Amino acid sequence: MFRSAIVRSLRASAPRAAVKPSASFQIRSSPIAAQFTPSLVSQSIRFYSAPAGLSKDEIEGRIVNLLKNFDKVSDASKITGVSHFSNDLGLDSLDTVEVVMAIEEEFSIEIPDKEADQIHSVEKAVEYIQAQPDAH
Amino acid sequence: MARLSGLQRDVLSLYRQCLREVRKKPIDSQSNFKNYARAEFQKHRSVNKKDFSAIEYLLRKGQRQLEMYASPGIRNIR
C-alpha cells in the first residue's frame, strides 16, 4: 500500500519533469519568432495590377478580324457583331468547329466541348469570352 | 443550327481533337496536318446522317488515324 503510493507519486512527477524543458523551449523560441515575423509578412505581400478586362468592342473586333482571315466565309461583307456562322456566313458545322478553335487560340483559353457546341454566332462567342476571366 | 444528334456531336468532337493535336506538331508542318484533317472529314461529307453504321465505322477509323498521327515521331504529312 505504501509502496504503491510512492510509485504513483513518482509516476505523477515524471511527466511534469518532462514537460518543464519543453515549456522553457517555447519561451525561448518565442522572441525569435517575434523577430522574424515582421520580415516574413512584408515578403508575403504582393501587389497585383487590376485585371485588364476585355471590352465588348475589343472582343468583337478581334473575332471579326479572325473571321475575315478565314477562307471559308462566303461573303466577307456580311461579317458583323451579330452574324450567325451558318445562316449568315455560310459555314458548316466543321467550319464552325474551326472558327471556335481559332477563337480559343486568339484569346488563349480552352473551351470545353459542351460550351463550344453552343457557340454558333459572333454574338454568342463575345458573350462567352466576356464571361471568361482568363481570356486575354 | 439545328440540334445535333449524339453521333454528330461525336464527329465534331473528333474533329476538335484532331485540330488540338495539330497544334502539338512542328509549326512549319501544322498547316499540312490541318489541311489533311480537313480533307479527310470533307471526303465523307455526303454520308447520310441516318447511315449510323457507316458513320460509326468512319469514327472508329478516324480515331485510329488520329492516334497514329498523334505520335510525336510523325513530324510532317503530305
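Keep in mind it's a predicted model, so treat the numbers as computed, not measured.

> How should empty space enclosed by the protein be read in this particular structure?
Empty space left among the atoms is revealed by rolling a probe the size of a water molecule over them. Summed over all chains, the structure comprises one cavity of 30 Å³ or more. In this structure, the largest cavity encloses a volume near 60 Å³. Around the largest cavity, the lining comprises eleven residues; the ones closest to its centre are S93, T96, V97 and H120 of chain A together with L12 of chain B. Elements with a minimum of two residues in the lining of the largest cavity: helix 3 (93-106) of chain A together with helix 1 (6-22) of chain B. Broken down by element, the lining of the largest cavity gets its largest block of residues, four residues, from helix 3 of chain A. Counted by class, the lining of the largest cavity contains six nonpolar, three polar and two charged residues.

> What's the story with the pattern of salt bridges in this structure? I'm lost.
Side-chain pairs of opposite charge can arise where the charged atoms are in close proximity. For the structure on display, the rule yields 15 salt bridges over all chains. The salt bridge involving D71 of chain A is made with R38 of chain B; its shortest N-O contact spans 3.6 Å. Remark: R38 of chain B occurs in helix 2 (residues 30-43) and D71 of chain A occurs in the loop between helix 2 (56-68) and helix 3; the pair is interchain, linking two chains. A residue is classified by how much of its surface remains accessible, and D71 of chain A, at 59% relative accessible area, is exposed.

> Could you clarify how one ought to interpret the side chain of K25 of chain B in this entry?
All names here are of chain B. Its location among the elements puts K25 in the loop between helix 1 and helix 2. Buried and unpaired, K25 has no salt bridge, with E21 as the nearest side chain of opposite charge at 6.1 Å. Sequence-distant contacts of K25, defined by excluding residues within four places in its chain, comprise Q30, F33, Y69, A70, S71 and I74.

> Just to check I follow, could you spell out the interface of chain A and chain B for this structure?
Much of the literature gives interface size as the accessible area that the parts lose upon coming together. Facing the 21 residues of chain A at the interface are 14 residues of chain B. Taken as a group, L94, E98 and M101 of chain A account for 32% of the area that chain A buries against chain B, more than any other trio of residues on that side. The interface formed by chain A and chain B contains nine salt bridges. A salt bridge links R16 of chain B to D113 of chain A; the shortest N-O distance between them is 3.3 Å. Counting the contacts that link chain A with chain B gives eleven residue pairs in polar contact (both at pLDDT 80 or more). Breaking the side of chain A that touches chain B down by element, the ones donating at least two residues are helix 3 and helix 4 (113-116) of chain A. With nine residues, helix 3 of chain A is the single largest residue contributor to the side of chain A that touches chain B. For the side of chain A that touches chain B, a count of residues per class yields six nonpolar, five polar and ten charged.

> Honestly, the UniProt feature "domain: Carrier" (unreviewed entry) in chain A in this entry has me stumped. Any pointers?
When the UniProt feature table is mapped to this numbering, "domain: Carrier" (unreviewed entry) covers residues 57-133 of chain A. Its end C-alpha atoms 16 Å apart, residues 57-133 of chain A is made of 51% helix and 0% strand.

> What am I meant to see in the packing of helix 3 of chain A against helix 1 of chain B here?
Geometry of a packed helix pair, given as the angle between the helix axes and the separation of the axes. Contact geometry of helix 3 of chain A with helix 1 of chain B gives a least axis separation of 10 Å together with a crossing angle of 40 degrees. As far as their axial angle goes, helix 1 of chain B and helix 3 of chain A are oblique. Like other packed secondary-structure pairs, helix 3 of chain A and helix 1 of chain B cross with a definite hand, here right-handed. Taken together, the residues of helix 1 of chain B that come into contact with helix 3 of chain A (itself represented by S93, L94, V97, E98, M101 and E104 of chain A) are L12, Y15, R16, L19 and R20 of chain B.

> Help me understand helix 2 of chain B, please; the structure alone is not making it clear to me.
Given 3.6 residues to a turn, an α-helix orients residues that are three or four positions apart in the same direction. Here helix 2 of chain B spans 20 Å end to end across 14 residues, near enough to the 20 Å set by a 1.5 Å rise per residue. Within helix 2 of chain B the residues assigned to the buried category are F33, A37, R38, E40 and F41 of chain B. Viewed end-on, helix 2 of chain B has its buried residues packed into an arc of 160 degrees, placing them on one side of the element. Next to the buried residues of helix 2 of chain B lie helix 3 of chain A together with helix 1 and helix 3 (52-70) of chain B.

Thresholds applied
- Residues numbered from 1 in each chain as written.
- Chains lettered and ligands numbered in written order.
- Predicted model: local features only at pLDDT ≥ 70, side-chain atom pairs only at ≥ 80, totals over all residues.
- Heavy atoms only, no water.
- 1 Å grid on protein atoms, 1.4 Å probe; cavity = no way out; pocket = protein on both sides within 12 Å on 5 of 7 lines; lining within 4 Å.
- Points joined across faces, edges and corners; volume = space filled by probe spheres on them.
- Helix = DSSP H or I, 4+ residues; strand = E, 2+ residues; numbered from the N terminus.
- Nonpolar A, V, L, I, M, F, W, Y, C, P; charged D, E, K, R; others polar.
- Salt bridge = Lys/Arg side-chain N within 4 Å of Asp/Glu carboxyl O.
- Buried < 20%, exposed > 50% of the residue type's maximum accessible area, 1.4 Å probe, protein only.
- Lys, Arg positive; Asp, Glu negative; His and termini not counted.
- Contact = heavy atoms within 4.5 Å.
- Buried area = accessible area lost by both parts, 1.4 Å probe.
- Polar contact = N/O pair within 3.5 Å; in protein donor to acceptor, adjacent residues only side chain to side chain.
- UniProt positions renumbered as here; feature names shortened; annotations may be inferred.
- Axes fitted to C-alpha atoms, helices over the stretch in contact; angles between N-to-C directions.
- Parallel < 35°, antiparallel > 145°, perpendicular 65-115°, else oblique.
- Left-handed = near helix turned anticlockwise from the far one by under 90°.
- Expected span 1.5 Å × (residues − 1).
- Arc of directions from axis to C-beta.

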